[in-house]
Amino acid sequence: MAHSIALDAEGEALLQRHAAWWRKEGLLVSVSDSPPLGKLWLPLADGSLAETDMALRPDDLDVDRLAGERYTPGPLQVRGDHFETTTPYVRIPWVEAILGAPIWATIQGGSMRSHKIVERWDDWPALAEQKDQAWFGLLRRLTEEMAVRSAGRLAVVQTLMRGASDIAEALLGHELMCFSIYDHPQQLARFLEQVTSGFIQILQAQMERIPRVAGGVVSPFGIWAAGTVVRGQCDASAFLSARHYADWFLPHDIRMCQAVDYSIMHLHSGSLHTVPALIEGAYPHALQVTLDPAPSGPPVTELLPILRRVLEHKPLIVEGPLSEAEVDWLL
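Residues numbered from 1 in each chain as written. Predicted model: local features only at pLDDT ≥ 70, side-chain atom pairs only at ≥ 80, totals over all residues. Heavy atoms only, no water.

**Thoughts on the nonpolar core**
For step 1, the next point in the chain: Core analysis: the biggest nonpolar cluster contains 91 residues, and Leu-42, Trp-135, Phe-191 and Phe-249 have the highest contact counts within it.
For step 2, the next point in the chain: For this core, the element with the highest residue contribution is helix 8 (residues 185-207), accounting for 10 residues.
For step 3, the next point in the chain: When neighbours within four sequence positions are excluded, Leu-42 is seen to be in contact with Ser-48, Leu-49, Ala-50, Met-54, Leu-56, Leu-61, Tyr-89, Ala-105, Ile-107 and Met-112.
For step 4, the next point in the chain: If you look at the next biggest cluster of nonpolar residues, it comprises 11 residues, including Leu-14, Val-213, Val-218 and Trp-224. (Core = buried A, V, L, I, M, F, W, Y, C linked by side-chain atoms within 4.5 Å. Buried < 20%, exposed > 50% of the residue type's maximum accessible area, 1.4 Å probe, protein only. Helix = DSSP H or I, 4+ residues; strand = E, 2+ residues; numbered from the N terminus. Contact = heavy atoms within 4.5 Å.)

**A closer look at a nonpolar patch on the surface**
For step 1, the next point in the chain: A contiguous nonpolar patch, built from Leu-27, Val-29, Val-31 and Leu-331 and spanning about 410 Å² of accessible area, is present on the exposed surface.
For step 2, the next point in the chain: Mapped onto the secondary structure, Leu-27 falls in the loop between helix 1 (9-22) and strand 2 (54-56).
For step 3, the next point in the chain: On the basis of relative accessible area, Leu-27 is assigned to the exposed category, the value being 53%. (Patch = residues over 30% accessible without salt bridge, like charges linked within 9 Å, V, L, I, M, F, W, Y side chains within 5 Å. Areas by Shrake-Rupley, 256 points an atom, 1.4 Å probe, with all protein chains shown as cover. Salt bridge = Lys/Arg side-chain N within 4 Å of Asp/Glu carboxyl O.)

**Focus on the packing of helix 6 (residues 164-172) against helix 9 (residues 242-258)**
For step 1, the next point in the chain: Closest axis-to-axis distance for the helix 6/helix 9 pair is 8 Å, and the angle between their directions is 115°. On the basis of their axis angle, the class for helix 6 and helix 9 is roughly perpendicular. For the pair formed by helix 6 and helix 9, the contact residues are Ala-164, Ser-165, Ile-167 and Ala-168 on the first element and Phe-249, His-252, Asp-253 and Met-256 on the second.
For step 2, the next point in the chain: Its residues assigned to classes, the contact of helix 6 with helix 9 shows 5 nonpolar, 2 polar and 1 charged. (Axes fitted to C-alpha atoms, helices over the stretch in contact; angles between N-to-C directions. Parallel < 35°, antiparallel > 145°, perpendicular 65-115°, else oblique. Nonpolar A, V, L, I, M, F, W, Y, C, P; charged D, E, K, R; others polar.)

**Things to note about the pairing of strand 13 (residues 262-268)**
Where a strand is regular, its side chains alternate between the two sheet faces.
For step 1, the next point in the chain: For strand 13, the buried fraction is high: 5 of the 7 residues fall into the buried class.
For step 2, the next point in the chain: Tracing the backbone out of strand 12 (residues 229-233), into helix 9 and back to the parallel element strand 13 gives a crossover that is right-handed.
For step 3, the next point in the chain: Relative to strand 14 (residues 286-290), strand 13 is paired through 5 bridges, and the arrangement is parallel. In the sheet register, Leu-267 faces strand 14, and the bridge partner there is Val-289. (Right-handed = clockwise from strand over helix to strand, strands pointing away. Pairing = 2+ DSSP bridges.)

**A closer look at unusual backbone geometry**
For step 1, the next point in the chain: That bond from Tyr-283 to Pro-284 is cis: its omega, -5°, falls within 30 degrees of zero.
For step 2, the next point in the chain: Residue position: Pro-284 is located in the loop between helix 10 (275-278) and strand 14.
For step 3, the next point in the chain: Put simply, Ala-294 and Pro-295 share a cis peptide bond, and its omega is 5°.
For step 4, the next point in the chain: In this structure, Ala-151 is a non-glycine residue whose phi angle is positive, near 55°.
For step 5, the next point in the chain: When you line up the elements, Ala-151 lands in the loop between helix 5 (133-150) and strand 8 (155-156).
For step 6, the next point in the chain: You will see that Ala-214, though not glycine, has its phi angle at about 50°, which is positive.
For step 7, the next point in the chain: Relative to the helices and strands, Ala-214 resides in the loop between strand 9 (212-213) and strand 10 (217-218).

**Brief notes about the packing of aromatic side chains**
For step 1, the next point in the chain: Per the stated rule, a full pass over the model turns up 6 aromatic pairs.
For step 2, the next point in the chain: Ring plane angle 75° and centroid distance 5.0 Å describe the contact between Trp-21 and Trp-22, whose orientation is recorded as edge-to-face.
For step 3, the next point in the chain: Taking the relative accessible area as the measure of exposure, Trp-21 reaches 5% and is therefore buried.
For step 4, the next point in the chain: For Trp-22, a relative accessible area of 12% gives the class buried.
For step 5, the next point in the chain: Seen from their ring centres, Trp-121 and Phe-191 are 5.7 Å apart, and the 70° between their planes marks the pair as edge-to-face. Linking Trp-121 in the loop between strand 7 (111-114) and helix 4 (124-128) with Phe-191 in helix 8, this pair joins segments that are 70 residues apart in sequence.
For step 6, the next point in the chain: Residue Trp-121 is classed as buried on the basis of its relative accessible area of 8%. (Phe/Tyr/Trp six-rings, centres within 6.5 Å; stacked < 30°, edge-to-face > 60°.)

**Examining the pattern of salt bridges**
For step 1, the next point in the chain: For the structure on display, the rule yields 16 salt bridges.
For step 2, the next point in the chain: One salt bridge connects Arg-17 with Asp-81, and the closest N-O pair in it is separated by 2.9 Å. Of this pair, Arg-17 sits in helix 1 while Asp-81 sits in the loop between strand 3 (78-79) and strand 4 (82-83), and the two are 64 residues apart along the sequence.
For step 3, the next point in the chain: Where Glu-51 meets Lys-39, a salt bridge forms, and the shortest distance between an N and an O atom there is 2.7 Å. One end of the pair, Glu-51, is in the loop between helix 1 and strand 2; the other, Lys-39, is in the loop between helix 1 and strand 2, with 12 residues separating them in the sequence.
For step 4, the next point in the chain: Among the charged side chains, a network of salt bridges with common partners joins Asp-64, Arg-70, Glu-145 and Arg-149.

Here's what the structure looks like:
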């Protein structure tokens, strides 16, 4: 079990506000200046930075630079109404890499993508039980090192992990994922059971290495939970109808949520057709909506009815570029 992080008076007070937020009793507001997506920063083991697109393997990376700054010990830092966090290198699609997908880094494009590994369902049985231990070992090592270097000043949080539909789209491709609902339902069902188990194993390995804050864990959104916590997502539900997501993929997202004490599901404002299914049951515990700029998403003023509907059932996080007038309007 990882060590515990100390809090000062400000942190203790914020802890209580976060506990109230989970009960839908109170509001949290933080402002930050996030730079636009630019060139991918990719430190290589030879001391250089990647300048050209490349297939990426764990041995290519400089773990020391990825682990970041070494802090002097102190209480957990606060930014606005949130705790300051540090995350194991989020640009890598960790779950897909650990499940065997090749990773391609696009330097000028500022992204990393996994390549699908299942062309036909006959390919999957040989891949199902395998894990890329080099990627898995790197994630564990990086989490441990960051826990030491942060020295209690930053909360180490779960890295970016995608949900059931996202993993399926990544490993199968969107066509095989969607068509298999009709053409290969048994194979798709078994696949989703297996990759969900893989997701949970990867999540639990991080939880074992993340320092506790007052017995709980800080989420990737900087909000403390009184136990273990997961950030899930269902971005690939954009390929699916609301019913297909609810029938096929939501049960596995729920299983991921049930593996920990608290859960937050990430959504995009341009793809909120899954909200009715997500607010119907106990899981996930909370929803987060990232505001997509036009034309990918509607104006924030048009989101009010669905945001209010979420708040009738669950805590809500809204994130994105907002003017002061839009912030005031939302408040």
